Amino acid sequence: MSEEILINFTPQETRVAVMQQGVAQELHIERTASLGIVGNIYQGKVVRILPGMQSAFIDVGLERTAFLHVADIWQPRNGEKGERTEGETQRPIERILAEGQSLMVQVIKDPIGTKGARLSTQISVAGRMLVYLPQEKHIGISQRIEDEQEREQLRERLARLVPEEETGGFIVRTMAENASDEELANDIAFLRKLWSDIRARSRTAAPPALLFQELSLAQRVLRDFVNPETTSIIIDSRENFQKLNAFAEVYTPKVTSLLVHYTGERTLFDLHGVEDEIQKALARRVDLKSGGYLIIDQTEAMTTVDVNTGGFVGVRNFDDTIFKTNLEAAVTIARQLRLRNLGGIIIIDFIDMETEEHRRAVLDEFNRALARDHTKMTVNGFTALGLVEMTRKRTRESLAHVLCETCPTCQGRGEVKTARTVSYEILRELLREARQFNAREYRVLAHPSVIDLYLDEESQSLAMLSDFIGKPISLQAVTSYTQEQYDIVLM
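As named in an unreviewed UniProt entry, the protein is Ribonuclease G, taken from Azospira inquinata. The Subcellular location (unreviewed entry) field of the UniProt record for the protein holds the comment "Cytoplasm".

Right, here's the structure in full:
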């Protein structure tokens, strides 16, 4: 399936849309004020070790301390070629690290929500065709290169090109499938030089210090996103088109012919309908063409997707209606997961189907649609309750977390207390205040909808309370208050 990549530049942010058949499949946003840090290499300092969690907090100079688990700590292995020997186990973290220790770490997961960045001490540096592993003398091949004979040929070619004195290893990327020996040798030399520079900086840097910064989003597009199906990369900034063209000539020369400078009057994302897709991807409800719809709820623990028939009426019977709605939903859900970049545990509630044949067909359609997604995931099929359980690896913040923040009115609940509920809370609070303080008068400051209740339907309740406490109660509407917000002032 042919693929177009759109890159929209502004001074504040870079936005990338991956398009298939004219429809946005993925969205990536990088803001100048909050650049992603996955791939960055730091000289960090151990500030705290947690033996019970077998983890440590590392100061790398970010807003929050980063997290290092014992499983992500590289240790020299006793076996040949760096393989773990039988009976060899991971040592406890308190025997590997000490508080105050300086060590080189790499970010493998951006900070998400309240969690700090996740780190690893196993360093990898990506080039155009290869990934360099300075601590592992091993040659690996990308899993996306499936032909076994081709994999073996690439492994043998690379083994001949790697200098004898090299102590590190390499992983061959998919872009190396048709690369010449010269191109591979150039990538090897570039990566070895880059690692030498990083090591030199680490010897003199006082932690916390940044040793290596990953490429920008636009540069990563040229290095990582392009595949054989990519037909064009359209860029709407002349300055950045020239920069990316120069970058591509050095690092990804095969991509230069795909670069296109867009000069139209309409904005690039408007022309291709991406702006509308962004707005839809932030909505809770997703309409299906048949008349059905999805409800997507993203929570801290998991994401749930509920499928509904809505206004769709089948042509034959109700079972047929349900089946067709679920088939369409399966394709739409797979696209929404990519578009919204939803990760972690995902529970999908398809409409209940009577026949096993229909369930199997929907699951097959769902797996086919998910196959276009490059993110690691597992699908466990239908549970006894008829739900589909799956996981999708979290690699970065979801689209909603990048573009939105928790509602200050409802604090993320999605609901606010009614004006009547708040009015009763205020009455109880007035009674508490009257028992503690002997004020001359009590003034209630609240949202106009709450004050209106006291002036109309709840006026008798307010009057009864005033008589009971023996003090006057005055009212003041504050338009800037939320419906749940109020203050009681003692006069």
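Alright, that's what it looks like, and here's the rest.
J.: Quick rundown of unusual backbone geometry? Include the residues and the values.
T.: The peptide bond linking Pro-207 to Pro-208 adopts the cis configuration, its omega dihedral lying at 0°. Position of Pro-208 relative to the elements: it lies in the loop between α2 (181–204) and β13 (209–212). Although it is not a glycine, Gln-54 sits at a positive phi angle of roughly 50°. Along the chain, the position of Gln-54 falls in the loop between β4 (41–50) and β5 (55–59). For Gln-54, a relative accessible area of 21% gives the class partly exposed. Here Gln-411, not a glycine, exhibits a phi torsion of approximately 60°, which is positive. With respect to the secondary-structure elements, Gln-411 resides in the loop between α9 (399–403) and α10 (419–436).

J.: Outline the sheet that holds strand β23 (residues 473–477), listing residues and values.
T.: An order of β23-β22-β24 is seen for the 3 strands of this open sheet, with the pairing classed as mixed. Because the sheet does not close on itself, it has two edges, and the strands there are β23 and β24 (486–490). Within this sheet the neighbouring strands show an average axis-to-axis angle of 20°, counted without direction. Looking at chain direction, strand β22 (residues 442–446) and β23 are connected through 5 bridges and run parallel.

J.: Explain empty space enclosed by the protein residue by residue, including any values.
T.: In total, this model carries 1 cavity of 30 Å³ or more according to the counting rule given. Size it by volume and the largest cavity reaches roughly 60 Å³. In terms of lining, the largest cavity is formed by 13 residues, of which the most central are Asn-341, Gly-343, Arg-394, Arg-396 and Ser-398.

Procedures and definitions
Residues numbered from 1 in each chain as written. Predicted model: local features only at pLDDT ≥ 70, side-chain atom pairs only at ≥ 80, totals over all residues. Heavy atoms only, no water. UniProt positions renumbered as here; feature names shortened; annotations may be inferred. Helix = DSSP H or I, 4+ residues; strand = E, 2+ residues; numbered from the N terminus. Buried < 20%, exposed > 50% of the residue type's maximum accessible area, 1.4 Å probe, protein only. Pairing = 2+ DSSP bridges. Axes fitted to C-alpha atoms, helices over the stretch in contact; angles between N-to-C directions. 1 Å grid on protein atoms, 1.4 Å probe; cavity = no way out; pocket = protein on both sides within 12 Å on 5 of 7 lines; lining within 4 Å. Points joined across faces, edges and corners; volume = space filled by probe spheres on them.

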